[in-house]
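Next come the chains, spelled out residue by residue.
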Amino acid sequence: METVGAVCIVGSQGQAAIAAASSGGSWMKHPGRIGAAGTFGTACYASGRRGASVSGQGEALISGLAAYETVRSLARDDMESQTGLLAGRDAGFVSVDASSGPREAHVLWAHTSNSMAIGYFSSSMLKPIAFMSRDKGLSMGIKISF
């Protein structure tokens, strides 16, 4: 998995979420193959004050619209179902939910791969936080202020 994904909250009160993804592609892919990064709702999705970016084998994620379902899980406050969506796949997601109030957000992530790089930053922090998550299969998160 060589996907780079990002989710951000914009506006002084966190009025909107933006999500993006870029992929290194699959080695020896079929000509014309469009993977997860090129399919909105699969590798990235944002709606209102929630957004997600998903990484993994595109074919396995496209049928489930993984990023879209992650954002829906945030809205239902049901991240257990999202972690279940990753089951049996070598995949992971990072998401931001700023719907709980002004100037705060939850950064959440989970992965079934052996590791996943995570980073976050807000205007209230002096420097970004970046680390390698090795907690396979667990949904983790942190609350940040901006």
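Residues numbered from 1 in each chain as written. Predicted model: local features only at pLDDT ≥ 70, side-chain atom pairs only at ≥ 80, totals over all residues. Heavy atoms only, no water.

Describing the pattern of salt bridges
All chains considered together, the criterion is met by three salt bridges. Notably, a salt bridge pairs Arg-50 with Asp-97, separated by 3.4 Å at the nearest N-O pair. Taken together, the residues span a long stretch of sequence, with Arg-50 in strand β4 (residues 50–56) and Asp-97 in strand β5 (residues 91–97) at a distance of 47 residues. By relative accessible area, which is 10% here, Asp-97 ends up buried. Between Glu-69 and Arg-72 there is a salt bridge, and its shortest N-O distance comes to 3.6 Å. Here Arg-72 and Glu-69 lie together in helix α2 (residues 66–75), a separation of three residues that amounts to about one turn. Residue Glu-69 is classed as partly exposed on the basis of its relative accessible area, which comes to 23%. (Salt bridge = Lys/Arg side-chain N within 4 Å of Asp/Glu carboxyl O. Helix = DSSP H or I, 4+ residues; strand = E, 2+ residues; numbered from the N terminus. Buried < 20%, exposed > 50% of the residue type's maximum accessible area, 1.4 Å probe, protein only.)

Focus on the sheet that holds β5
Here five strands make up an open sheet; going across it, the order is β3-β4-β5-β6-β9 and the pairing antiparallel. Among the strands making up the open sheet, the edge pair consists of β3 (44–47) and β9 (139–145). Sheet twist, expressed as the average angle between the axes of neighbouring strands with direction ignored, equals 10 degrees. As defined by bridge partners, strand β6 (residues 104–111) adjoins β9 across seven bridges and the pair is classed as antiparallel. (Pairing = 2+ DSSP bridges. Axes fitted to C-alpha atoms, helices over the stretch in contact; angles between N-to-C directions.)

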